[in-house]
Amino acid sequence: MQTIGIKPSLSGSGGPLLAGVAVAVAGVGAVLAFADSDSVLRGPFTLFFLLVAPAAAIGAVLRGLEPFGRVVASVAGAIAVNLLVAQGMIATHSWSVTGGITAVTVISSLVILPSLVRRLGARTERRRT
């Protein structure tokens with residue numbers, strides 16, 4: 001007799017809800033930084049954005065890795081992106097908070113763009129067949 005294992009559903013664990021909250025917090029952090037707000041939450045939320053935006057972009061590109069390896073690689077990549085942006089801005093004497101957030105946003109967008117294009121291309125190919 002063969003036993004069929006049932007994998008637990010991710011939807012019951014709050015995964016999508018947690019991802020939505022993370023996106024909201026990161027977005028609020030970016031908006032507070034761009035608006036130059038004097039809110040107490042500006043610092044922590046902006047730091048959260050600076051870590052999550054590149055990590056999510058790098059994690060989306062690394063779909064082939066196991067989950068733990070993808071988390072480690074994406075967090076390390078996010079730290080590297082932030083350090084390289086800061087080092088480049090300091091070296092060119094053009095340091096500013098909004099400039100750093102803009103640079104990290106642009107780099108994260110450019111990293112995730114090929115993954116999104118590939119996913120949309122696969123979706124249109126499935127519709128054709």
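Preceding this paragraph is the structure being described.
Residues numbered from 1 in each chain as written. Predicted model: local features only at pLDDT ≥ 70, side-chain atom pairs only at ≥ 80, totals over all residues. Heavy atoms only, no water.

*Asks:* Even after reading the chapter, I still don't get the pattern of salt bridges, so can you show me in this structure?
*Replies:* Here the idea is simple: oppositely charged side chains can pair when their charged atoms come close. Evaluated as defined, the whole model comprises one salt bridge. Across the pair Arg42 and Asp36 runs a salt bridge whose closest N-O atoms are separated by 3.2 Å. Classification of Asp36 by relative accessible area gives exposed; the value is 54%. (Salt bridge = Lys/Arg side-chain N within 4 Å of Asp/Glu carboxyl O. Buried < 20%, exposed > 50% of the residue type's maximum accessible area, 1.4 Å probe, protein only.)

*Asks:* Please clarify how helix 3 (residues 67–91) should be interpreted in this entry.
*Replies:* Residues separated by three or four positions in an α-helix point in the same direction, a consequence of the helix having 3.6 residues per turn. With 25 residues, helix 3 should cover 36 Å at 1.5 Å per step; its first-to-last C-alpha distance of 36 Å lies within 8% of that length. When helix 3 is considered as a whole, its buried residues turn out to be Ser74, Gly77, Ala78, Val81, Asn82, Val85 and Met89. Among the residues trailing helix 3, His93 stands out with phi positive, at a value near 55°. (Helix = DSSP H or I, 4+ residues; strand = E, 2+ residues; numbered from the N terminus. Expected span 1.5 Å × (residues − 1).)

*Asks:* Would you explain the packing of helix 1 (residues 15–34) against helix 2 (residues 42–61) in this entry?
*Replies:* Two numbers describe a pair of packed helices, the interaxial angle and the distance between the axes. Interaxial distance between helix 1 and helix 2 falls to 7 Å at its minimum, and their mutual angle equals 115°. The way helix 1 lies across helix 2 gives a crossing that is left-handed. Residue-level contacts link Ala22, Val25, Ala26, Val28, Gly29, Ala30, Leu32 and Ala33 of helix 1 to Arg42, Phe45, Thr46, Phe48 and Phe49 of helix 2. In the contact of helix 1 with helix 2, the residues fall into 10 nonpolar, two polar and one charged. (Axes fitted to C-alpha atoms, helices over the stretch in contact; angles between N-to-C directions. Left-handed = near helix turned anticlockwise from the far one by under 90°. Contact = heavy atoms within 4.5 Å. Nonpolar A, V, L, I, M, F, W, Y, C, P; charged D, E, K, R; others polar.)

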